[in-house]
Amino acid sequence: MMKSKAKSLAELRARFGGDNTTAFYDPEFLRASKLAFSSSGTRAAPYAGIATLLNAPYRNVRWDSPDLKDLDVALLGAPTDLGVTNRPGARFGPRALRTIERIGPYNHALRTMPVTELRVADVGDVPFRSRYDLEGNHADIEKAIGLIAASGAIPLTAGGDHSITLPILRALGKDGPVGLVHIDAHCDTGGSFDGCKFHHGGPFRHAVLEGVLDPLRTIQIGIRGSAEYLWEFSYEAGMTVVHAEQLESRGVEEVVAQARAVVGPGKVYVSFDIDGLDPSYAPGTGTPEVGGISMREAQALVRGLAGLNIIGGDVVEVAPEYDANTNTAQCGAQMLFEILSLIAVRRREPKA
């Protein structure tokens, strides 16, 4: 937006004083205001009503025969943390993200109001068969995401631990491997831990081996910490790994350009692990790693993906038990909003 010439006090009074206290003159601000305010000039209070993801309308879904065909995006909770290797608590992540107020409605960087520009609903949580069955939970997630995708809606999921991304990719990549932009402290391409291979430290290893994720169209950003020796698979498979230190030295714009080049024009999934952020921003997570990226860098990374063919996304590993001031949940909800904004930008672009 171009900066206009500053108005004199008399001009300001004429334009914004008296009966003009609710006037908007900039076309973009006028458009946004019409979406945000009712005809009576009121706007819904962010602290009122039933808490939902991104304050989207709630949709009560019958998962035996879901009716989702009128949605562009389905916001979904996956409250399970049976795959954690350290501190539990991410099962409360979806609830924590729902209770955060004042996310949106306007994304000033991407100039979009995604919840009002798209047909979006919070469709509740994955109906799990058991709170004790990790592989069963994964099967339930795959089924729910498959139903959403079959309806034509794009799924955005609030976790839960990072193991939930494997069944999501199984559902979205069943007709061919997809690309991935993965922001995290860890590559999550490890082998079995304590006799289990479906934990949160290995979803992308198995997604590649199962043929639902293309490693050559995968970039992992923000990687750091003492678990580096576990990520051999990323390098052997041809994934692009950008360490947190490299992000600082190279700059966000260069890394964004690399990410866009890696994933290309094909289908791409965006997975955001909250521990990609430095613990000073997001302490409420199971495997915090110091030396992480800032929230501003995270927003710039995701916003830089605007225009890509996003087919789904998630925000995972928010564990509110360790989040004394709700900063982590605030950051998680904001990043879910940023991913949703990408979909809104893509949908409004003219078809080629």
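To be clear, the structure that these remarks concern was listed above.
Residues numbered from 1 in each chain as written. Predicted model: local features only at pLDDT ≥ 70, side-chain atom pairs only at ≥ 80, totals over all residues. Heavy atoms only, no water.

A. The arrangement of helix α2 (residues 27-36) in detail. For α2, the full list of buried residues reads Glu-28, Ala-32 and Ser-33. Relative to the axis of α2, the buried residues are bounded by an arc of 130 degrees and lie together on one face. Of the exposed residues in α2, the ones pointing more than 90 degrees away from its buried face are Pro-27 and Lys-34. One side-chain oxygen of the residue at the start of α2 lies 2.9 Å from the amide nitrogen of Glu-28, identifying that residue as Asp-26. (Buried < 20%, exposed > 50% of the residue type's maximum accessible area, 1.4 Å probe, protein only. Helix = DSSP H or I, 4+ residues; strand = E, 2+ residues; numbered from the N terminus. Arc of directions from axis to C-beta. Polar contact = N/O pair within 3.5 Å; in protein donor to acceptor, adjacent residues only side chain to side chain.)

B. How the structure looks around a nonpolar patch on the surface. On the surface, Phe-24, Phe-29, Leu-30 and Phe-37 cluster together into a nonpolar patch covering about 330 Å² of accessible area. Note on Phe-24: relative accessible area 37%, which makes it partly exposed. (Patch = residues over 30% accessible without salt bridge, like charges linked within 9 Å, V, L, I, M, F, W, Y side chains within 5 Å. Areas by Shrake-Rupley, 256 points an atom, 1.4 Å probe, with all protein chains shown as cover. Salt bridge = Lys/Arg side-chain N within 4 Å of Asp/Glu carboxyl O.)

C. Structural view of the nonpolar core. Val-73, Leu-277 and Leu-301 are the most contacted members of the largest nonpolar core, which totals 56 residues. At 12 residues, helix α12 (residues 327-348) tops the list of elements feeding residues into this core. The residues touching Leu-301, leaving out its near neighbours within four places in the chain, are Ile-183, Ile-221, Leu-247, Val-252, Val-255, Val-256 and Ile-293. Leu-134, Leu-169, Leu-213 and Ile-311 belong to the second largest nonpolar core, which has 36 residues in total. (Core = buried A, V, L, I, M, F, W, Y, C linked by side-chain atoms within 4.5 Å. Contact = heavy atoms within 4.5 Å.)

D. Expanded view of the pattern of salt bridges. Summed over all chains, the structure comprises 15 salt bridges. Here Arg-250 and Glu-254 are joined by a salt bridge, their closest N and O atoms 2.7 Å apart. Residue Arg-250 is classed as partly exposed on the basis of its relative accessible area of 27%. Taking the relative accessible area as the measure of exposure, Glu-254 reaches 41% and is therefore partly exposed. Residues participating in the shared-partner salt-bridge network are Glu-28, Arg-31, Glu-117 and Arg-348.

E. Region of the structure containing the pairing of strand β1 (residues 73-78). Among the six residues that make up β1, six are buried, leaving the element largely enclosed by the rest of the structure. Neither face of β1 is left uncovered, since the one carrying Val-73, Leu-75 and Gly-77 and the one carrying Ala-74, Leu-76 and Ala-78 both have all their residues buried. When β1 meets strand β3 (residues 154-159), the two strands line up parallel, connected through six bridges. Bridge pairing in β3 links Leu-76 to Thr-157. (Pairing = 2+ DSSP bridges.)

F. Region of interest: the side chain of Asp-184. When you line up the elements, Asp-184 lands in the loop between β4 (178-183) and α7 (203-209). Of note is the side chain of Asp-184, whose polar atom sits 3.0 Å from the backbone nitrogen of His-186. In this view, Asp-184 contacts His-162, Ile-221, Gly-222, Ile-223, Arg-224, Asp-273, Asp-275 and Gly-276; residues no more than four positions away in its chain are not counted.

G. Fine view of unusual backbone geometry. Following Gly-104, the chain continues into Pro-105 via a peptide bond in cis, with omega recorded as 10 degrees. Note on placement: Pro-105 falls in the loop between α3 (93-98) and α4 (114-117). Residue Gly-160 is reached from Gly-159 by a cis peptide bond, and omega for that bond is 15 degrees. Positive phi, normally seen in glycine, also occurs at Arg-111, with a value near 55 degrees. On the secondary structure map, Arg-111 appears in the loop between α3 and α4. Looking at Arg-111, the relative accessible area reads 32%, which means it is partly exposed.

H. Summary view of the environment of Tyr-235. You can see Tyr-235 is positioned in helix α8 (residues 232-237). The partly exposed category is assigned to Tyr-235, whose relative accessible area is 40%. Along the primary structure Tyr-235 and Pro-215 are separated by 20 residues, whereas in three dimensions their C-alpha atoms are 9.4 Å apart.

I. A look at the packing of helix α10 (residues 252-263) against helix α11 (residues 295-303). Interaxial distance between α10 and α11 falls to 9 Å at its minimum, and their mutual angle equals 35 degrees. For the pair α10 and α11, the crossing hand works out as right-handed. Residues Val-252, Val-255 and Val-256 of α10 touch α11, and the partners they reach there are Glu-297, Ala-300 and Leu-301. The class makeup of the residues in the contact of α10 with α11 is five nonpolar, no polar and one charged. (Axes fitted to C-alpha atoms, helices over the stretch in contact; angles between N-to-C directions. Left-handed = near helix turned anticlockwise from the far one by under 90°. Nonpolar A, V, L, I, M, F, W, Y, C, P; charged D, E, K, R; others polar.)

J. Representation of the sheet that holds β4. Across the sheet, eight strands lie side by side as β2-β1-β3-β8-β7-β4-β5-β6; this open sheet has parallel pairing. The open sheet terminates on both sides in strands that have one partner only, identified here as β2 (120-125) and β6 (240-243). Taken over all neighbouring pairs, the strand axes of this sheet differ in orientation by 15 degrees on average, direction set aside. Inspection of the sheet shows β4 paired to strand β7 (residues 267-273) by five bridges, in the parallel sense. Paired with Ile-183 across the bridge in β7 is Phe-272. In the packing of α10 onto the sheet, the strands contacted are β4, β5 (213-223), β6 and β7, and the crossing angle to β5 comes to about 165 degrees.

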